[in-house]
Structure formats: C-alpha cells, structure tokens
Amino acid sequence: MNAPTSPLHLLPTVNQRPVPAALIEALQAHFGARCSTAMVVREQHGRDESPFDVPPPGAVVFAQNTDEVAMVVKLAAIHRVPVIPFGVGTSLEGHLLAVEGGISLDVSQMNQVLSINAEDLTVTVQPGVTRKQLNEAVKSTGLFFPIDPGADATLGGMSATRASGTNAVRYGTMRENVLALEVVTASGEVIRTGTHAKKSSAGYDLTRLMVGSEGTLGVITEVTVKLYPLPEAVMAATCCFASLADAVNTTIQIIQLGVPIARCELLDSTTVKVVNQHSKLGLPESAMLLMEFHGSPAGVQEQVETVQAIAADNHGSAFSWAATPEERTRLWTARHNAYFAGVQSRPGCKAITTDTCVPISRLADALLDSVTEAQEAGIPYFLVGHVGDGNFHMGYLIDPTIPAERETAERLNHQLVARALALGGTCTGEHGVGLHKQGFLVTETGEGAVDMMRAIKRALDPLNILNPGKIFSL
C-alpha cells in the first residue's frame, strides 16, 4: 500500500489567491451589507471544528436564493477566485477552510422547507435547513428524517460530506437518503440531478457524484430527501460492561443476528466520565452501550429481550431504560455533546479527531488496539462509536502550543487509520476527507482511482474554483 504523506505533520498547505477589488465591488453592488469584508465575519467563516489554523477568506457573501449563488459563482469564475460553501461550520476535517483564499459563500439564510410530500415520503429543502428544523417542520405529518450526525448540521452540508450518524445502522447514510439535488456548477449553471422517484436507471448517477463531493464539484442549493414514518414505539437503554471488549462483542453479535436496532452507540469509561461532568449525568463510569429500538410495541419488546440476552452473555449489567421522550432526549443530547464534553475536559486544548469504519466482524480488532495505543501514549482522548455499522471516532486532546503532542496525536491517528484499511475498512466513515485524510485516500483507493477523481474535478471545474485543496491536490 502507499503510505500517507507526512503522517506526523498533516498540516495544510496554504497558498491563498488574491481577491481582486473589482470582484468585491461587484459583489457589494448587488449584496450590499450581505457581502462583508469585516475581519470578525471572515474569521467566523474561516474556522471549523478541525485543529487547523488557516487565514480567513477574503470576503463572505450571504446568499438567499439559487440565482444569487449562481451570480457569485459566475463572478468568481471571471476572476478565477475560489468559492467555499458554508453552512453552520461544524466540519471536523477542515472542509471550509480557505487554504487557497477566496469567497466564503454562506447559504445559512437559504433555510426554507420548500415542499413536504407526505404521501411520497419525501421533502425538498434549501441547503441551509438544519436537521432539527426539518424534523420540526414535518412532525405534524407523522414522519421524520432519521440522519443524525449529532451536530445540528445543515442538509446541504450533510449532503456534501455524505454524513450519517447515530441512526445509520437502521436508516442508512445521506448516500441512501438523498433522492435529488439542485446544484450550481463551476460555470454558474443551475442543474438538477435525480427525481422524486425511489429509483432510476437514467444515465450517470450525478446525485451520488455530488453527495460526498465536499463542495468541490458544485454548490448544492436544493435537496430532496426521504422521510420515514415515526415508529409506533421507541425504547432507549444503556447497558454497562466490565470491559470494552465485552461491549464491542455484544455489538457484533447484535448485528450478526440481524436485530433491527435503530441506534447502537459505544462510549468507553473515559468518555462516560467526561460526559457525566459536562451533562451532569450519573451514568456508571464503565464501558457502555447506548441503544435505541424502533417498531411496534411487540417488535420493540422482542428486540429488547434479544439484546438483553446477548448482553448478559457478554457480562453486561445495569440495564437502564429511557422510555419517555424527555428521558431519551436527555440521554441522546449527552451523547451528542460528547465531543464538546471532551474538549472542555481539557481547557485550551484542540481535538484532533478521526473516524474510521470497518466490517462489523473486524470491529474489535480495529477499536480495542486503538484504545490501547492511546492509553499507552498517555494523551487525553475520548471515544464514541456508531458501532452498529462498524464506525467509531477517536478524539485526541492536545495542547496546541506543544508540538510533541500534535505529533503523538497524528501518530496515533496514522496507526488507527492504517489498521482500519488493513482490515478492509475505510479512512473515514462519515467525516469526509477534507484536508486531514488526503494521504489516506490514496492508500485506500490507489493512485488510479484518485487520478480518476482528479479528472472528474478538472472536467467539471477547470478553473479549480470550487473549494480547492480539499479531498486531493491537483
């Protein structure tokens, strides 16, 4: 296999292109105050949840409709200036950083739910609609949108990074749930991909090409996604284990037996401790599975009994049930805040996060060795996992003023990803490649596949203005 480039120093190369005054003047003439060059606004749009420090973009434009997005892209193309789509800034891999300068195109004001088609189980939204806003809008129909990456991300950003999250084990990822898109291309043309039909054999699958392209092939301005009936019964539970291995083995057996569990999340004892501190919970500080079951009352009861038996065989104990919506919300809010709990457990730190996904049968091999390495290195960390689909996340908490800590964290990240790839897995299950995983992409797919991706990028974006520097270098 090819080795990732500079595994201990995966810092982005910054080579910002100038933003001509003529472009700023043209944008301000149309957008007025919605085109800002104020440093505070630029800095807000020049950072995300990644550990990288990159100078901010040259300007920020707040678009309110597709025509305005197309106008910005057309003007940027004339001046050969990069355009970086921006939703709410929850990226973990540096997707929105202006490594080549340019314009940050904020679509958060494009936040309208355009049509709810309850009979067809679909909804069409603008890209700035967040997952919580969407579920609030559709709840009266008895339907919901299940993709839940934790952060209240926008549907445009979730589509661009092929997000998944806690419900993916049952409902899939954005790849399976996006039916159609409206996209502004690098020339400023508006195209539509896909339809509201559940399947199609018409031509190249451009929807799948755009989902996961991280803003490098087009700017998403409209998204049509699947909805699902709200389950008749929902039950959430926690279960404690004497060892992390027992918790992982329980997960593997649940999936291999075909139990249709909706969520199956893993926290190790270290992470439970910081979550307790952050969210004021009293969870037992041991390895823990957080689970949720959806279906009919009888079906849920059957799932619960099966999982309890599997857990008992693996020394599981202290089952705790959260049957009411309030109890479930409190439990899952604490899980979703695990990242912030980890960061706040070490004031002033930065988190170098990584996620991998492996075949479910290899989950123990990938996860347990990675935890052992982190513990032996002595670096603070947190672990959470959507382990029902073989996906887990490590966050290494470093002091950004101590280079040796960054080297240690990057070494651990390198070992973790290399192990996942050797086990038939992927370098990223849901975060995306961004800046941090570019070397690993070559290792995973091979030079030939990355060259094909480059060819697609050059064909669709010959001036390299759409979020340049992400996924791979040209």
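Values in this document were obtained by computation on a predicted structure and should not be read as measured data. (Residues numbered from 1 in each chain as written. Predicted model: local features only at pLDDT ≥ 70, side-chain atom pairs only at ≥ 80, totals over all residues. Heavy atoms only, no water.)

1. Points about the sheet that holds strand β2 (residues 59–62)
Two orientations exist for strands paired in a sheet by backbone hydrogen bonds: parallel and antiparallel.
Here is step 1 of the chain: Taken together, four strands build an open sheet; the order of strands is β1-β2-β4-β3 and the sheet is mixed. The open sheet is flanked by β1 (35–36) and β3 (83–86), the only strands paired with a single partner.
Here is step 2 of the chain: Sheet analysis places β3 next to strand β4 (residues 103–106), joined by four bridges and oriented parallel. Of the residues in β4, the one forming a bridge with Phe86 is Asp106.
Here is step 3 of the chain: The strands that helix α1 (residues 21–31) touches are β1, β2 and β4; relative to β2, the one it contacts most, it runs at about 25°.
Here is step 4 of the chain: Lying over the sheet, helix α3 (residues 66–79) contacts β2, β3 and β4, oriented at roughly 170° with respect to β4. (Pairing = 2+ DSSP bridges. Helix = DSSP H or I, 4+ residues; strand = E, 2+ residues; numbered from the N terminus. Contact = heavy atoms within 4.5 Å. Axes fitted to C-alpha atoms, helices over the stretch in contact; angles between N-to-C directions.)

2. Overview of the nonpolar core
Here is step 1 of the chain: With 47 residues, the main nonpolar core has Leu266, Met291, Leu363, Leu367, Leu383, Met394 and Tyr396 as its most contacted residues.
Here is step 2 of the chain: Ignoring sequence-local partners within four residues, the contact set of Leu266 consists of Leu244, Ala247, Val248, Met288, Leu289, Leu367, Leu383, Val384, Gly385 and Val387.
Here is step 3 of the chain: Membership of the second largest hydrophobic core comes to 26 residues, among which are Leu27, Val61, Ile103 and Ile465. (Core = buried A, V, L, I, M, F, W, Y, C linked by side-chain atoms within 4.5 Å. Buried < 20%, exposed > 50% of the residue type's maximum accessible area, 1.4 Å probe, protein only.)

3. What about the pairing of strand β14 (residues 287–295)?
Here is step 1 of the chain: Of all nine residues making up β14, nine are buried, and the element is well covered by its neighbours.
Here is step 2 of the chain: Because side chains alternate across β14, one face comprises the buried residues Ala287, Leu289, Met291, Phe293 and Gly295, and the other comprises Met288, Leu290, Glu292 and His294, equally buried.
Here is step 3 of the chain: Bridge analysis of strand β12 (residues 233–241) against β14 gives nine bridges, and the strand direction is antiparallel. By the bridge assignment, Val234 is partnered in β14 with His294.
Here is step 4 of the chain: Taken together, the five bridges between strand β13 (residues 263–267) and β14 define a ladder with antiparallel strand orientation. Residue Arg263 lies in a different strand from β14, and its bridge partner there is Glu292.

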